[in-house]
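Examining the three-dimensional arrangement
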Amino acid sequence: MRLAELSKHSGVSTATIKYYLREGLLQPGRQVNATTAEYDEEHLRRLRLVRAMIQVGRVPVATVREVLGHVDDDSLGRTVRLGAALWALPHVPEPDTDDEHLQAAQHEASELLRALGWRNAELLTSISPAFRSLVVAVAAMRRLDFDWDAELLMSYARLMHQAAALDLDFVETRETEAERVETAVLGTILVEPMLQALHRLAQEEESARRYGFE
């Protein structure tokens, strides 16, 4: 397809597509002549991924480029490739390590991983953005005198492990390795808001069942 057709099928303006091409977010098309290039379904799929990351995920262009670099690096194994892509996405900043609430939260989060037997997660706690996000959230709860500990977090963690298994079951339905990693990245951006929405709907439903509408 030509650029105008790619724009029509994707819903992205030609000016924006040209910008993505200049920024390296989209591979160049096959050059037909000095002024014309052709694009295929792979360009369309990648364009939709880029659009979702920027518009829905609010991911900066520079970060999108970094994530896609990991997605396209077929020299890496699947776990490393996926992990590198996900870790490049925005996360909470490094917290103040002298904070007593943070130290307590870090202890509880580490105890949680040990109790769950999540060995790989344990090995990566010092560099994992996800672990850091968990610690920061638990610390915030503890500052408000909600003592969320490993035991309380356990049931939530097990539910999330089931969700992660479902995520990867879906990822494995994709045909190519690049599509699988793309799907996993897109899932992080789009599935997490869906899970959050389902959680809130479930809270509303459970509240009404327990307490009615009085």
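Residues numbered from 1 in each chain as written. Predicted model: local features only at pLDDT ≥ 70, side-chain atom pairs only at ≥ 80, totals over all residues. Heavy atoms only, no water.

Attention shifts here to the overall build of the protein. A tally of helices and strands in the protein yields 10 helices and 2 strands. For the protein, the N- to C-terminal ordering of α and β elements is α-α-β-β-α-α-α-α-α-α-α-α. Projecting the C-alpha coordinates of the protein onto the three principal axes gives extents of approximately 65 × 45 × 30 Å. Per-residue burial over the protein gives 31% buried out of 214 residues. Sequence-distant contacts in the protein: of pairs separated by 6 or more residues, those separated by 24 or more amount to 61%. Taken as a whole, the protein presents about 13900 Å² of accessible surface, with 54% of it coming from carbon and sulfur. (Helix = DSSP H or I, 4+ residues; strand = E, 2+ residues; numbered from the N terminus. Buried < 20%, exposed > 50% of the residue type's maximum accessible area, 1.4 Å probe, protein only. Contact = heavy atoms within 4.5 Å. Areas by Shrake-Rupley, 256 points an atom, 1.4 Å probe, with all protein chains shown as cover.)

The next subject is the side chain of E182. Considering the arrangement of structural elements, one finds E182 in helix 10 (residues 177–211). Residue contacts for E182: discarding those within four places in its chain leaves R45, R46, L49 and V71.

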